[in-house]
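Notes for the structure review
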Amino acid sequence: MTDLFASIRQTVLAALAAAVPDLPPDIAARVEVTPTRDTAHGDMATNAAMVSAKAARQAPAKLAAAIAEALRADPAIQKADVAGPGFVNLTLDPAVFRAVLPVVLRAGEAYGDSTLGKATRVNVEYVSANPTGPMHIGHCRGAVVGDALANLLAKAGYNVTKEYYINDAGAQVAALAWAAYWRYLQAIGTAMTEEEFSAAVPGGLQYRGDYLIPVGEELARAHGTAFATPDKTVAPPDLWLDTVREKTIDLMMREIRVDLKRLGVDQDVFSSERALVASGAADAMLAKLEADGLIYEGVLEPPKGKTPDDWEPRPQTLFRATEFGDDVDRPLRKSDGSNTYFANDIAYHNDKVSRNYDILIDVLGADHGGYVPRMKAAVRAISQDRVKFEAVLCQIVHIVRGGEPVRMSKRAGTYVTLSDLLDEVGRDAVRFTMLFRKADAQMEFDLDQAIAQTRENPAFYVQYAHARCRSVLRAAAEAQPAASLTPEALADADLSSLTDEADTALIRRLASWPRTVEAAAIAREPHRIAFFLYDLAGDFHMLWNRGRDDSTLRFLQADRPVETRARLALVAATAIAIRSGLRVMGVEPVEEMR
RNA sequence: GCGCCCGUAGCUCAAUUGGAUAGAGCACCAGACUACGAAUCUGGGGGUUGGAGGUUCGAGUCCUUCCGGGCGCGCCA
């Protein structure tokens, strides 16, 4: 077992079982062994007595005393004290903590890997930006959170697929095609003004960003003037719409993939809404729901309070979402007979269900919060409750520079593009900064802070800790060319000199990496990895700085080979844990800062 | 009007998912460099966790209610 906390928990459970022989399993499951907040309370604490007192019909303090007594017999446990209302505080034999280092060194970056997920099949869908323009800051957070969450679940033992859903079927992409067509007309030298053109578009010209100019030029190169009237004005859509739409989506997706690659996001599966509809899967899905009696023609109540001015009762094709926990039944067809987005999305999620996943996780923008209950209802209905649907909502990101709001708009008009952000900040800092917040809380992304080479930039601070570790190991290799400094070799070092409290603090942190991974995976909260690394880096920098005043805490001590070797083991293990965490976040560890 | 999310130090955010005295960074105050890289470090001040009730051994966390902010609320995706 590589998780020291899990191991000690087994010891506690054994002691508890001795004190309360017939304890129900569901009570035992609630027993926790956690790191203490304050080291004055020892190394670990357990709530065993408090959670089982009622079932055991004993006072918590008395039960705690019995558990503590039993635990004191264990050689790994140096002290076991009853505290507060019934905690048992444990102080471990320091050698037990130190024994974590060889475990880390032998495991390498696999340290923290867990079997928690039991190979459960999970599909994580994220980004899924409409192919109507360049990716922007709003997509970025979902991309990073989704990617890190998928990595996290994989590390925790789930069988994970990363997926992108291309929303290429709705009215939006038709509007996009019209916008590209406008750039095409410009490219061939039309005399129309933008206003004249907009008047000719159903619904008006929507996408006016410069990013479609190259698309228009590409269309002009490929098709000459064939898509326009002889006087270079709007030709009948039958002539060009399908071709232009296809070409534009293709080019937009190509650009999105470039952005994703730059961001370090590499999804396994790209699913197309259009392909899904064209295959007949959507209609088949509706037919099946119909056959199951989950669809009816009905009229919805008007929304309470603010009723839209043009509201009027109207019969619709509705899905019985309320039977599965939603607030209201949801429409599946528009009045022109085509499917709503929701209808196609049911089909898409059914596609995922049929690919045999146990859990479907959608990473969505917070503006989709209202969409979650209906999708949850749909997945329950189509999978007969076999598959679990979850959503991770990402709140809005405000870009600021030195406290002032930023609106970059080189190409796209009103929003900050991902590409601009990557140009300025770089992939690793973008990812780290995005993950240094809980996903469902609004965040400010400070550009100055993200590129700062100081402690206030967590991305830098963690990278710096890793670089320092590597720097020490390089220096050691130079000083002792004959010695083997591989992690495996260091795992055999005599560690008994690692007794300073700064040493112990760092080792305690390393010991809690496996439980951090599991807790973060269960909560679907990748930001916890970032905070763990920040704390770990803090412990390491602290130790480094202590070496200024106390030379026995320096990592390289020429006249003390045994101590040096122990400290190198500590450094190497720290570097491994940092890399293990950065890997989850999709951030590349650096060997040196320059 | 209803639903979901949020409200924590002056600012940006944590808090081991119900655990012990609510923690970091920035900012502020006072100190520290002939260095395994000071790209920093040490110490200090700063809180009625929006308000009020409740649940229990124990509440920032759960329940009720009010206040304030964000998002959503029949054929947008």
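On to the overall build of chain A, then. In terms of helices and strands, chain A carries 24 helices and 15 strands. Overall size of chain A, expressed as C-alpha extent along the three principal axes, is 90 × 60 × 40 Å. By residue count, 50% of the 594 residues in chain A fall in the buried class. Taking as baseline every contact in chain A between residues at least 6 positions apart, the subset at least 24 positions apart corresponds to 73%. By element, 50% of the accessible surface of chain A is carried by carbon and sulfur atoms, the whole surface being about 26900 Å². Charged side chains of chain A number 67 positive and 80 negative; the gap between the two group centres comes to 3 Å.

As far as domains go, chain A holds domain 1 (4-92) and domain 2 (100-112 + 455-585). Of the residues lining the interface, 9 residues belong to domain 1; the matching set on domain 2 comes to 5 residues. Roughly 520 Å² of surface becomes buried between domain 1 and domain 2 when both sides are summed, with 55% attributable to carbon and sulfur atoms. We note a salt bridge from R508 to D43, for which the minimum N-O separation is 3.2 Å. Joining domain 1 to domain 2, the criterion identifies 2 residue pairs in polar contact (both at pLDDT 80 or more). Mapped by element, the contributors of at least two residues to the side of domain 1 that touches domain 2 are helix 1 (4-19) and strand 1 (33-35). It is strand 1 that provides the largest number of residues to the side of domain 1 that touches domain 2, a total of 3 residues. Among the residues forming the side of domain 1 that touches domain 2, the class breakdown is 4 nonpolar, 4 polar and 1 charged.

The 4 strands are arranged 1-2-4-3 in an open sheet whose pairing can be described as antiparallel. Pairing within the sheet leaves two strands with one partner each, and these edge strands are strand 1 and strand 3 (77-83). Here the average twist between neighbouring strands, direction ignored, is 30°. Packed on one face of the sheet, helix 4 (residues 60-72) meets strand 3 and strand 4 (87-92) and runs near 175° to strand 3.

What the 5 strands build is an open sheet, ordered 7-6-5-11-12; its pairing is parallel. What marks the edges here is a single partner per strand, and that holds for strand 7 (269-272) and strand 12 (388-394). Ignoring strand direction, the axes of neighbouring strands in this sheet form an average angle of 25°. Relative to strand 12, strand 11 (residues 359-365) runs parallel, the two being bridged by 7 bridges. When the bridges of strand 12 are listed, V363 appears paired with V392. Contacts between helix 15 (residues 372-382) and the sheet are confined to strand 11 and strand 12, with strand 12 contributing the most and set at about 160° to the helix.

A word on the nonpolar core. Of all hydrophobic cores here, the largest spans 132 residues; its most connected members are L90, L421, M434 and F445. Lining this core are residues from two domains, each supplying at least three of them: domain 1 (4-92) and domain 2 (100-112 + 455-585). By size, the runner-up hydrophobic cluster in this structure holds 31 residues, among which are A282, A321, F342 and F389.

Take helix 3 (residues 48-56) next. By the burial criterion, the buried members of helix 3 are A48, A49, V51, S52, A53 and A56. Buried residues along helix 3 sit against helix 1, helix 2 (25-28), strand 2 (44-46) and helix 4. Where helix 3 terminates, the next one or two residues include R57, which has phi positive at roughly 55°.

Looking now at the environment of V392. Relative to the helices and strands, V392 is located in strand 12. With a relative accessible area of 9%, V392 lands in the buried category. Separated by 247 residues in the primary sequence, V392 and V145 place their C-alpha atoms 8.9 Å from one another. Leaving out residues up to four positions away in the same chain, V392 has contacts with V145, L149, I361, D362, V363, L364, A439 and R524.

Next up on the list: the packing of helix 19 (residues 458-479) against helix 24 (residues 561-585). Their axes nearest at 9 Å, the elements helix 19 and helix 24 cross at an angle of 140°. Viewed along their axes, helix 19 and helix 24 form a crossing whose handedness is left-handed. Of the residues in helix 24, those in contact with V462, Q463, A465, H466, C469, R470, V472, L473 and A476 of helix 19 are L568, V571, A572, T574, A575, I578, R579 and L582. In the contact of helix 19 with helix 24, the residues fall into 12 nonpolar, 3 polar and 2 charged.

Analysis parameters
- Residues numbered from 1 in each chain as written.
- Chains lettered and ligands numbered in written order.
- Predicted model: local features only at pLDDT ≥ 70, side-chain atom pairs only at ≥ 80, totals over all residues.
- Heavy atoms only, no water.
- Helix = DSSP H or I, 4+ residues; strand = E, 2+ residues; numbered from the N terminus.
- Buried < 20%, exposed > 50% of the residue type's maximum accessible area, 1.4 Å probe, protein only.
- Contact = heavy atoms within 4.5 Å.
- Areas by Shrake-Rupley, 256 points an atom, 1.4 Å probe, with all protein chains shown as cover.
- Lys, Arg positive; Asp, Glu negative; His and termini not counted.
- Charge placed at Lys NZ, Arg CZ, Asp CG, Glu CD.
- Domains from an automatic or database assignment.
- Buried area = accessible area lost by both parts, 1.4 Å probe.
- Salt bridge = Lys/Arg side-chain N within 4 Å of Asp/Glu carboxyl O.
- Polar contact = N/O pair within 3.5 Å; in protein donor to acceptor, adjacent residues only side chain to side chain.
- Nonpolar A, V, L, I, M, F, W, Y, C, P; charged D, E, K, R; others polar.
- Pairing = 2+ DSSP bridges.
- Axes fitted to C-alpha atoms, helices over the stretch in contact; angles between N-to-C directions.
- Core = buried A, V, L, I, M, F, W, Y, C linked by side-chain atoms within 4.5 Å.
- Left-handed = near helix turned anticlockwise from the far one by under 90°.

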